[in-house]
Amino acid sequence: SKFDLVIVNGTVVTASDISSCCIGIKDEKIRALAQSFTDDEIAGAEVIDAEGAYVMPGGIDAHVHLCQDLKTGPHGLGGECADNFETGSRSAIAGGTTTVITFATQTRAEEDRSLIKVVEAYNARAEATGSYADYGFHIIIVRNDADVLENELPVLIQDWGISSCKLFMTYETQRLTDSQLLDVMFAARKNAITTMIHAENGDMIEWLTDKLEGKGMVAPFYHALSRPPLVEGEATNRAIALAQLIQNPILFVHVGSALGAANVRKAQTMGLPVYAETCPQYFNLTWEDLKRFHSPTCFENSKMICSPPPPPDNSDQEDLFTGLHNGTFTIYSSDHCPFRYDHPHGKPTGVLEDEASMHGESACTGHNIQDLLSRKEGAFRFIPNGIPGVETRLPLLYTGALAAGRITPQKFVELTSTNPAKLYGLYPRKGALMPGSDADLVIWHPEKKFQPFRLTNSQLHHNVDYTPYEGQEFINWPRYTILRGKVVWANGEIKGKPRDGKYQKRGPSQLSHGLPGHDRDPHTVAAWLYK
Ligand code: URP
Ligand code: ZN
Ligand code: ZN
Ligand code: ZN
């Protein structure tokens with residue numbers, strides 16, 4: 001037969017267009033878009049009737065933490081990553097995401113000096129369970145060993161197709177000094193690697209945390225006070241200056257403040273290759289949510305702790321919406337960073353080793369702040385940062401932005417699929433609906449036929465025991481998720497298998513590769529530094 005699978009009656013959306021058409025799929029690829037197919041063309045193919053609903057390229061979530069090292073966690077806090085490749089990718093496909101890019105993490109331990117060994121070890125974790133979704137890796141670099149950068153970055157590109165690294169400006173176990181940032185950015189630039197930056201001023205956070213602890217302000221809510229918007233404001237400005245100095249393309253991950261967004265906007269107006277990512281938590285949570293559970297003995301709001309924290313109020317969210325709309329934000333990712341709530345290595349307890357003593361206590365759902373205070377001088381300092389959201393990413397943006405008329409369907413596709421594919425070198429194999437593209441699709445419910453519902457965690461497919469969006473209303477949800485021509489999620493059921501997902505080698509960024517103009521400007525360092 002001509003096609004294996006045909007999607008009919010879809011409202012097909014790409015980053016540029018919307019049209020009512022049919023999609024023909026064969027051997028994992030999109031083969032044809034047409035106003036209609038003849039009976040002959042459809043003969044022998046499975047047919048899905050989209051009933052007028054949106055049909056989009058499958059979601060690409062370029063910021064997902066899975067299987068991240070227990071000893072260091074994402075920030076050396078000792079939290080245990082609740083999702084592995086199997087459970088995390090299962091959650092992804094149930095939310096319309098067909099590709100996830102996760103983080104292989106170097107540590108400062110001597111055995112983690114080699115980035116290649118780090119990636120090999122991380123890959124073994126992915127292969128141990130398999131993945132329901134296609135997947136790739138970013139590399140987190142936490143040291144500036146000259147030999148490693150020189151010898152290994154080219155190998156990461158060549159052998160692994162890893163064309164992006166993440167650097168930290170905060171967290172004791174991960175942060176780089178300014179000169180170390182320059183070292184790694186310089187090496188990244190020479191290898192056409194896109195540098196992702198976690199921009200928070202680590203000294204400000206440390207200083208404020210000490211002051212808060214001195215006043216006994218250690219409950220989870222105060223985590224937000226230890227990271228006011230200025231923390232991101234300063235760090236984004238500094239990183240922009242560092243990147244400008246050596247003409248290096250950068251992408252700010254998880255921008256959560258109006259101040260951060262304004263700094264990015266200004267740099268872009270100057271013509272610098274500065275990109276930014278934002279995340280659902282900054283549109284759907286505020287300090288009010290952190291305050292909701294605020295009491296000296298309650299850890300409920302540790303469920304909302306992430307860095308940067310959600311913005312103080314809705315006025316910041318208005319500015320962030322503007323940034324989605326006007327292009328300040330290039331991509332919209334989940335920053336899925338899963339910790340369990342009721343678990344000794346999860347949210348409330350962080351580093352505590354004594355599991356038995358943590359269960360069955362009276363305060364809140366079983367964790368007593370006095371217990372924590374008696375052992376540690378602070379509390380929120382020891383709560384692992386990060387919240388789950390790989391499955392709710394697209395539905396939250398659908399409900400809060402697309403259906404609310406705040407962004408167009410094309411913008412939705414651009415932010416959630418096409419731009420991440422371009423930024424991280426997957427385009428047009430992914431993020432596009434062109435003949436020859438992978439047949440990765442998300443098909444929504446026809447809006448008029450879908451009954452809005454309030455989310456509860458048991459409906460999700462991650463391995464986390466809560467969602468920060470418990471009780472929130474959703475007006476649509478992916479009806480079908482299709483991975484390279486295979487239906488992996490349909491009408492509320494997982495149809496895929498953990499071996500469906502394939503590792504994705506990536507090329508250089510198609511957004512930031514090359515710097516037209518800058519190299520030729522005799523006043524920039526690029527004129528001599530890269531000779
Ligand atoms: O709080 C957060 N965002 N945790 C995840 C790790 C990171 O910094 O992205
Ligand atoms: Zn980060
Ligand atoms: Zn993250
Ligand atoms: Zn417990």
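Residues numbered from 1 in each chain as written. Chains lettered and ligands numbered in written order. Predicted model: local features only at pLDDT ≥ 70, side-chain atom pairs only at ≥ 80, totals over all residues. Heavy atoms only, no water.

### A look at helix α12 (residues 314–326)
Here α12 is 13 residues long and its end C-alpha atoms lie 18 Å apart, about the 18 Å a rise of 1.5 Å per residue gives. What α12 keeps buried is the set Asp 316, Gln 317, Leu 320, Phe 321, Gly 323 and Leu 324. Around the axis of α12, the buried residues are gathered within 155° of arc, so they sit on the same side. Residues of α12 that are buried sit in contact with α9 (258–269), β12 (274–278), α10 (281–284), β13 (331–332), α14 (393–402) and α15 (409–423). At the C-terminal side of α12, Gly 327 shows a positive phi close to 95°. (Helix = DSSP H or I, 4+ residues; strand = E, 2+ residues; numbered from the N terminus. Expected span 1.5 Å × (residues − 1). Buried < 20%, exposed > 50% of the residue type's maximum accessible area, 1.4 Å probe, protein only. Arc of directions from axis to C-beta. Contact = heavy atoms within 4.5 Å.)

### Quick look at the coordination of the zinc ion (ligand 3)
On the protein side, the zinc ion (ligand 3) has His 63 (NE2), His 65 (NE2) and Asp 335 (OD) as donor atoms, found 2.0 Å from it. Coordination at the zinc ion (ligand 3) is tetrahedral: its four donor atoms span angles of 88 to 123° at the metal. Each donor residue of the zinc ion (ligand 3) lies on one chain, and together they are spaced H-x1-H-x269-D. Distance-wise, the zinc ion (ligand 2) is placed 4.1 Å from the zinc ion (ligand 3). (Donors = N, O, S within 2.8 Å, 3.2 Å for Na, K, Ca; no water. Tetrahedral: all angles 85-135°; square planar, octahedral: opposite > 155°, others 65-115°.)

### Details of the environment of Gly 492
Within the secondary structure, Gly 492 is located in the loop between β18 (486–490) and β19 (493–494). The sequence separation of Gly 492 and Ala 94 amounts to 398 residues, and the corresponding C-alpha distance is 7.6 Å.

### Let's talk about the packing of aromatic side chains
A full pass over the atoms with the stated rule returns 22 aromatic pairs. Ring geometry for Trp 160 and Tyr 503: centres 5.9 Å apart, planes at 90°, overall edge-to-face. Of the two residues, Trp 160 sits in helix α4 (residues 146–160) while Tyr 503 sits in the loop between β19 and α16 (526–529), which places them 343 residues apart along the sequence. Ring geometry for Phe 283 and Phe 321: centres 5.0 Å apart, planes at 70°, overall edge-to-face. Linking Phe 283 in helix α10 with Phe 321 in helix α12, this pair joins segments that are 38 residues apart in sequence. Neither residue differs from the other here; Phe 283 and Phe 321 are each classed as buried. (Phe/Tyr/Trp six-rings, centres within 6.5 Å; stacked < 30°, edge-to-face > 60°.)

### Structural notes on the packing of helix α5 (residues 178–190) against helix α8 (residues 229–246)
Two elements in contact, α5 and α8, have axes separated by 10 Å at closest approach and are oriented at 45°. Comparing the axis directions of α5 and α8 gives the class oblique. Like other packed secondary-structure pairs, α5 and α8 cross with a definite hand, here right-handed. Residues Asp 178, Leu 181, Leu 182, Met 185, Phe 186 and Arg 189 of α5 form the contact with α8, whose own contacting residues are Arg 238, Ala 239, Leu 242, Ala 243, Leu 245 and Ile 246. (Axes fitted to C-alpha atoms, helices over the stretch in contact; angles between N-to-C directions. Parallel < 35°, antiparallel > 145°, perpendicular 65-115°, else oblique. Left-handed = near helix turned anticlockwise from the far one by under 90°.)

### Looking at the coordination of the zinc ion (ligand 2)
Listed as protein donors to the zinc ion (ligand 2) are Lys 166 (NZ), His 198 (ND1) and His 254 (NE2); their distances from the metal cover 2.1 to 2.2 Å. Written as a sequence motif, the donor residues of the zinc ion (ligand 2) are K-x31-H-x55-H.

### Comments concerning the nonpolar core
Ranked by size, the top nonpolar core spans 102 residues in total, and within it Phe 137, Ile 139, Ile 141, Leu 156, Phe 252, Leu 324 and Phe 412 carry the most contacts. With near-sequence residues (within four places) excluded, Ile 141 lies in contact with Gln 106, Leu 115, Leu 149, Leu 153, Cys 165, Lys 166, Leu 167, Leu 176 and Val 184. (Core = buried A, V, L, I, M, F, W, Y, C linked by side-chain atoms within 4.5 Å.)

### Side note on the state of the cysteines
Counted according to the given criterion, the structure contains zero disulfides. Distance from the sulfur of Cys 67, which forms no disulfide, to the nearest cysteine sulfur (Cys 81) is 6.6 Å. Look at Cys 67 and you get buried, because its relative accessible area is 15%. Just so you know, Cys 279 is unpaired, no disulfide at all, and the nearest cysteine sulfur is the one on Cys 306, 8.3 Å from it. (Disulfide = S-S within 2.5 Å.)

### Comments concerning unusual backbone geometry
A negative phi angle characterises most non-glycine residues, just as the trans form characterises most peptide bonds. Looking along the chain, the bond that leaves Ser 307 and enters Pro 308 is cis, with omega of -10°. Looking at the secondary structure, you find Pro 308 in the loop between α11 (287–292) and α12. Although it is not a glycine, Glu 28 adopts a positive phi angle of roughly 75°. Following the sequence through the fold, Glu 28 ends up in the loop between β2 (18–26) and β3 (29–34).

### A short note on the confidence of the model for the protein
Confidence in the prediction of the protein, expressed as mean pLDDT, is 90, and 89% of residues score 70 or more. Counting contacts from residues 350–378, a segment whose pLDDT is below 50, to residues more than four positions away or on other chains yields 64 contacts. Predicted complex, confidence summary: ipTM 0.92, pTM 0.94. (pLDDT = per-residue confidence, 0-100.)

### A short note on the pairing of strand β7 (residues 97–105)
In terms of burial, β7 is a largely internal element, nine of the nine residues being buried. Bridging between strand β6 (residues 59–64) and β7 involves four bridges; their strand directions are parallel. Pairing of Val 64 across the sheet is with Thr 102, part of β7. (Pairing = 2+ DSSP bridges.)

### Quick look at the sheet that holds strand β11 (residues 250–252)
Strand pairing within a sheet occurs via backbone hydrogen bonds; the two strands may be parallel or antiparallel. Across the sheet, which stays open at both edges, the eight strands sit in the order β6-β7-β8-β9-β10-β11-β12-β13 with parallel pairing between neighbours. Single-partner strands in this sheet number two, and they are β6 and β13. Pairing analysis gives three bridges linking β11 to β12, with the strands arranged parallel. Residue pairing across strands places Leu 251 opposite Tyr 275, the latter belonging to β12. Its contacts with the sheet place α5 against β9 (164–168), β10 (194–198) and β11, and it is angled at close to 175° to β9. Along the sheet face, α8 touches β10, β11 and β12 and points at about 170° away from the line of β11.

### Comments concerning the packing of α9 against α12
Their axes nearest at 9 Å, the elements α9 and α12 cross at an angle of 30°. Judged on the interaxial angle alone, α12 and α9 are roughly parallel. Two packed elements cross with a definite hand, and for α9 against α12 that hand is left-handed. Residues Ala 258, Ala 261 and Arg 265 of α9 form the contact with α12, whose own contacting residues are Asp 316, Asp 319, Leu 320 and Asn 326. For the contact of α9 with α12, a count of residues per class yields three nonpolar, one polar and three charged. (Nonpolar A, V, L, I, M, F, W, Y, C, P; charged D, E, K, R; others polar.)

### Observations regarding the site of ligand 1
Within the structure, ligand 1 sits among 14 residues, and Lys 166, His 198, Ser 307, Asp 335 and Asn 385 are positioned closest to it. At 2.9 Å from an oxygen atom of ligand 1 is found a side-chain nitrogen or oxygen belonging to Lys 166. A distance of 2.7 Å separates an oxygen atom of ligand 1 from a polar atom in the backbone of Ser 307. Considering ligand 1 on its own, with 270 Å² of exposed area, one finds that the protein chains cover 100% of that surface. A class-by-class count of the residues in the shell around ligand 1 yields four nonpolar, eight polar and two charged. (Near = heavy atom within 4 Å. Polar contact = N/O pair within 3.5 Å; in protein donor to acceptor, adjacent residues only side chain to side chain. Areas by Shrake-Rupley, 256 points an atom, 1.4 Å probe, with all protein chains shown as cover.)

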